[in-house]
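# A structural walkthrough
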Amino acid sequence: MTESLGEVRAALSEVSSRLHSAYRCAQSAEQRLTEAVALLTELNQSHHDSLVPPELPRADQELTRGLGLIIGGADSVAAIEARL
């Protein structure tokens, strides 16, 4: 199946838009996770057991990794668009 250059550019533009949207969502999730950890850490001071589940720091690491992957994808799409 052959697509016109315009169709390819439109598809790349859509992918770029979705990647930027995904980045904003992941960034928001990362901020909310940071806020949750801070709140739980503060509440920890008056509680004898840790309220911060061990999964939260791992989730933060995965979000950071995911943000890097999204940026890499967006950069790759931009490079392809520039070559067209």
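Preceding this paragraph is the structure being described.
Description of the structure in this document.

### Topic: the overall build of the protein chain
Counting secondary structure elements, the protein chain contains 2 helices and 0 strands. Scaling as 2.2 N^0.38, a compact globule of 84 residues should have a C-alpha radius of gyration of about 12 Å, whereas the protein chain reaches 19 Å, well beyond that. Dimensions of the protein chain, computed from C-alpha atoms along their principal axes, come out at roughly 65 × 20 × 15 Å. Burial status across the protein chain gives 15% buried among its 84 residues. Relative to all contacts within the protein chain whose residues are 6 or more apart in sequence, the contacts with residues 24 or more apart total 74%. Split by element, the accessible area of the protein chain, about 6,300 Å² in all, is 58% carbon and sulfur. The averaged location of the 12 negative side-chain charges in the protein chain is 7 Å from the averaged location of its 7 positive side-chain charges.

### Focus: the side chain of Asn44
Mapped onto the secondary structure, Asn44 falls in helix 1 (residues 5–44). Looking at Asn44, its side chain comes within polar contact range of the main-chain nitrogen of Leu51, at 2.6 Å. Ignoring sequence-local partners within four residues, the contact set of Asn44 consists of Asp49, Ser50, Leu51 and Val52.

### Digging into helix 1
When the terminal C-alpha atoms of helix 1 are compared, their 58 Å separation across 40 residues agrees well with the 58 Å that a helix rising 1.5 Å per residue should span. Along helix 1, the residues that are buried comprise Leu12, Ser16, Leu19, Ala26, Leu33 and Asn44. Buried positions along helix 1 lie against helix 2 (55–83).

Cut-offs used in this document
Residues numbered from 1 in each chain as written. Predicted model: local features only at pLDDT ≥ 70, side-chain atom pairs only at ≥ 80, totals over all residues. Heavy atoms only, no water. Helix = DSSP H or I, 4+ residues; strand = E, 2+ residues; numbered from the N terminus. Rg over C-alpha atoms; globule rule 2.2 N^0.38 Å. Buried < 20%, exposed > 50% of the residue type's maximum accessible area, 1.4 Å probe, protein only. Contact = heavy atoms within 4.5 Å. Areas by Shrake-Rupley, 256 points an atom, 1.4 Å probe, with all protein chains shown as cover. Lys, Arg positive; Asp, Glu negative; His and termini not counted. Charge placed at Lys NZ, Arg CZ, Asp CG, Glu CD. Polar contact = N/O pair within 3.5 Å; in protein donor to acceptor, adjacent residues only side chain to side chain. Expected span 1.5 Å × (residues − 1).

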